[in-house]
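Chain residues, written in single-letter form:
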Amino acid sequence: MTYAIGLRCRKCGREYPLQAIHICDFCLSPLEVSYDYKAISKVISRDTIARGPTTIWRYRHLLPVNSGEATDIGTGFTPLVKADNLGEEIGLEKLYIKNDCLNPTYSFKDRAVSVAVNKAKELNFDTVACASTGNLAASVAAYAAKAKMKAYVFVPAGVEAGKLTGIAVYKPIIVTVDGSYDDVNRLCAELSHRYSWGFINVNLRPYYAEGSKTISYEICEQLGWQAPDCILAPAGSGLLFTRLWKGLQELSTLDLIGPVNTHMFVLQAQGSSPIVHAFEAGNLHVHPVKANTIVSSIAIGNPADGYYALMTARGSGGGAVSVTDDEAIEGVLLLAQTEGIFAEAAGGVVIAGLKKLVSAGVIEKHHLTVAVITGAGPRTQETITHPIKPFTVWPSVESFEEVLGFRTIDIGGI
Ligand SMILES: *Cc1c(COP(=O)(O)O)cnc(C)c1O
Ligand SMILES: [Zn+2]
């Protein structure tokens, strides 16, 4: 059973039942799941968690789903890798990569969808839908296949070919929309009033949001139940970033970790960086922009949770940084060539932003730092435009040695 007790408006605090609703009727602010932490603290401990499955469902007491046997395709409990090579390169002694490329559909979205699809089943939806830049659609399609539900996924027509294939294999109904992600999102909001489907990131958004906080649970557990000094994560809508913070707060509330002193750093692509703009300008409001970047998974000009992401960066004593598309690609290559992890461009944004923060002295050498890498690279190979120059040889030792320049003297064998 779940210890979620209701939905609560983030602004005015009004309470709502655990239904498929996401916006407060009174002030139009987002709704958030609230829990009975007293009851949870009686059933949860470091030991009970350690005995759970190696998926996000090891934290099921902190998720808003009733079913004991959740529909699952193996999401979560991804590696926290000590990144000594990258750390040395950029000047950090204790750098870790949270490698969320290693989820079933290759991005952290599986965490959010795992929770939302199970909630959709519980609320008796037979159809799920989503507005996506690509990764969410793949995850919704995969989970719908496993849950035997119908899925409609909406993506911008410009979605990368590799991502489209990565969605189509699960056979959802794919709708490409001639417009930006922000247009797709608006369309889905309208459709959600006409069709009684579970829109994963519209009417099911409060449940979808909860899945992402498991990244923070895992980071703390994998560090031996402590919160890091700094966490860096990319932001599109800003939702992931806000839930990373919520996850830390909850563990502290439950005394599973001590007081939280983590500085939260939000990273965006310069061509779509309304949250960073607001942070730098000292504004309290996030003004929408027209997104223009190759970092498609975070190309959101009008971030639904931008305000709360901004408050998280400010309130935690963290920061906000944007990087150019070229810097993002350099970041992808640096991560691959130092740590053997091939991320998509959103991961490159995080690495490039980390580099800037370290060289500016904001993040210091001794800070225990975790960079959250949210999605894998192989489906968006077109973003890597660097020329590839293999050595081409005949299938002979002579040719190999000649072409690679190893054949200086011919000693004629022994
Ligand atoms: C969706 C996504 C993000 C951004 O998540 P938000 O919650 O919208 O801020 C970051 N990285 C990847 C790879 C994503 O797919
Ligand atoms: Zn309200």
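All values derive from a computational prediction rather than experimental measurement. Per-chain numbering applies: the sequence of each chain, read as written, is numbered from 1 onward. Here every chain gets a letter starting at A, and every ligand a number starting at 1, in the order they are written. With the structure being a predicted model, the display of local features is reserved for residues of pLDDT at least 70 and the display and counting of side-chain atom pairs for 80 or more, all residues being used for whole-chain, interface and lining totals. Side-chain metrics in this entry use all non-hydrogen atoms of the structure; hydrogen atoms and water are not considered.

Draft legend 1. The arrangement of the layout of surface pockets in detail. A cavity, in this analysis, means grid points on a 1 Å lattice covering only the protein atoms where a 1.4 Å probe fits yet has no way out; a pocket is instead an open set bounded by protein on both sides within 12 Å along at least five of seven lines, and a residue lines either one if it has an atom within 4 Å of a point. Grid points are joined across faces, edges and corners, and a volume is the space filled by probe spheres set on the points. Computed from the structure, the largest pocket encloses a volume of approximately 1,200 Å³. The wall of the largest pocket is formed by 40 residues, among which Ile23, Leu28, Pro30, Ala304 and Asp305 lie closest to the centre. Secondary structure elements follow DSSP: runs of H or I no shorter than four residues count as helices, runs of E no shorter than two count as strands, and numbering proceeds from the N terminus. Among the elements that line the lining of the largest pocket, the one with the most residues is helix α7 (residues 181-194), at seven residues. Here the term charged refers only to Asp, Glu, Lys and Arg, the term nonpolar to Ala, Val, Leu, Ile, Met, Phe, Trp, Tyr, Cys and Pro, and the term polar to all other amino acids, Gly among them. Classifying every residue of the lining of the largest pocket by side-chain character gives 21 nonpolar, eleven polar and eight charged. Here the second largest pocket is characterised by a volume of approximately 310 Å³. Pro156, Gly158, Thr293, Ser296 and Ala299 are the residues nearest the centre of the second largest pocket, which is lined by 16 residues in total.

Draft legend 2. Just the pattern of salt bridges, in detail. Here, a salt bridge means any Lys or Arg side-chain nitrogen found within 4 Å of an Asp or Glu carboxyl oxygen. Per the counting criterion, the structure on display carries 18 salt bridges. Across the pair Glu32 and Arg243 runs a salt bridge whose closest N-O atoms are separated by 4.0 Å. Placement of Glu32 in strand β3 (residues 31-35) and of Arg243 in helix α10 (residues 239-253) is noted, with a sequence separation of 211 residues between them. Here the two residues Glu32 and Arg243 agree in accessibility, since each one is buried. Here Glu210 and Lys213 are joined by a salt bridge, their closest N and O atoms 2.6 Å apart. Buried, partly exposed and exposed residues are distinguished by accessible area as a fraction of the type maximum, computed with a 1.4 Å probe on protein chains only: under 20%, between the cut-offs, and over 50%, respectively. Take Lys213: its relative accessible area is 0%, and that puts it in the buried class.

Draft legend 3. Molecular detail of the site of ligand 1. Any residue with at least one heavy atom within 4 Å of a molecule or strand is counted as near it. Every one of the 16 residues lining ligand 1 counts as a neighbour, but Lys109, Asn135, Gly236, Ser237 and Thr374 are closest to it. One nitrogen or oxygen atom from the main chain of Gly238 is found 2.9 Å from an oxygen atom belonging to ligand 1. With respect to ligand 1, the backbone of Leu239 contributes an N or O atom lying 3.5 Å from an oxygen atom. The Shrake-Rupley method, run with a 1.4 Å probe, gives the accessible areas here. Residue values count only the displayed protein chains as cover. Summarising the interface, the protein chains cover 97% of the accessible area of ligand 1, which totals 380 Å² for the free molecule. Of the residues that constitute the shell around ligand 1, the class distribution is seven nonpolar, seven polar and two charged. Counting of polar contacts relies on pairs of N or O atoms within 3.5 Å, with two restrictions inside protein: one atom must be capable of donating a hydrogen and the other of accepting it, and residues adjacent in sequence are counted only when both atoms are side-chain atoms.

Draft legend 4. Structural context of the coordination of the zinc ion (ligand 2). Distances from the zinc ion (ligand 2) to its protein donors, Cys9 (SG), Cys12 (SG), Cys24 (SG) and Cys27 (SG), fall within 2.3 Å. Between the four donor atoms coordinating the zinc ion (ligand 2), the angles at the centre fall across 95 to 121 degrees, so the site counts as tetrahedral. Of note, the zinc ion (ligand 2) draws all its donor residues from one chain, in the sequence arrangement C-x2-C-x11-C-x2-C. On the criterion of sequence distance, the pair formed by Cys12 in the loop between β1 (4-9) and β2 (15-16) and Cys24 in the loop between β2 and β3 is long-range, its members being twelve residues apart. What makes Cys12 partly exposed here is its relative accessible area of 35%. Judged by its relative accessible area of 1%, Cys24 falls in the buried class. Coordinating donors are taken to be N, O and S atoms lying within 2.8 Å of the metal, or within 3.2 Å when the metal is Na, K or Ca; because water is excluded from the atom set, some sites may appear incomplete. When four donors show all angles between 85 and 135 degrees the site is tetrahedral, when four or six donors have opposite pairs over 155 degrees and all other angles between 65 and 115 it is square planar or octahedral respectively, and in every other case it is irregular.

Draft legend 5. Structural detail: the pairing of strand β7 (residues 150-156). Of all seven residues making up β7, six are buried, and the element is well covered by its neighbours. Seen with the strands pointing away from the viewer, any crossover whose path from the first strand over the helix to the second strand runs clockwise is right-handed. Between the parallel pair strand β6 (residues 127-131) and β7, the chain is carried across by helix α5 (residues 135-147), and the sense of this crossover is right-handed. Whether two strands pair depends on DSSP finding at least two bridges between them. Examined bridge by bridge, β7 and strand β8 (residues 173-177) share five bridges and lie parallel to one another. Paired with Val153 across the strands is Ile174, a residue of β8.

Draft legend 6. Fine view of helix α11 (residues 274-281). Here α11 has its buried residues at Pro274, Ile275, Val276 and Ala278. Against the buried residues of α11 lie β11 (263-269), α12 (306-315) and β12 (319-323). In the segment just after α11, Gly282 is the residue with positive phi, at about 70 degrees. Any two residues having at least one pair of non-hydrogen atoms within 4.5 Å are treated as being in contact.

Draft legend 7. Structural detail: the nonpolar core. Grouped together as the largest cluster of nonpolar side chains are 85 residues, with contacts concentrated most on Val128, Val140, Met149, Ile200, Ile219 and Leu244. If sequence neighbours within four positions are ignored, Met149 has contacts with Val117, Ala120, Lys121, Phe125, Asp126, Val128 and Ala144. By size, the runner-up hydrophobic cluster in this structure holds 36 residues, among which are Leu86, Ala328, Val349 and Ile363. Each nonpolar core is a collection of buried residues, namely Ala, Val, Leu, Ile, Met, Phe, Trp, Tyr and Cys, held together in the definition by side-chain atoms within 4.5 Å.

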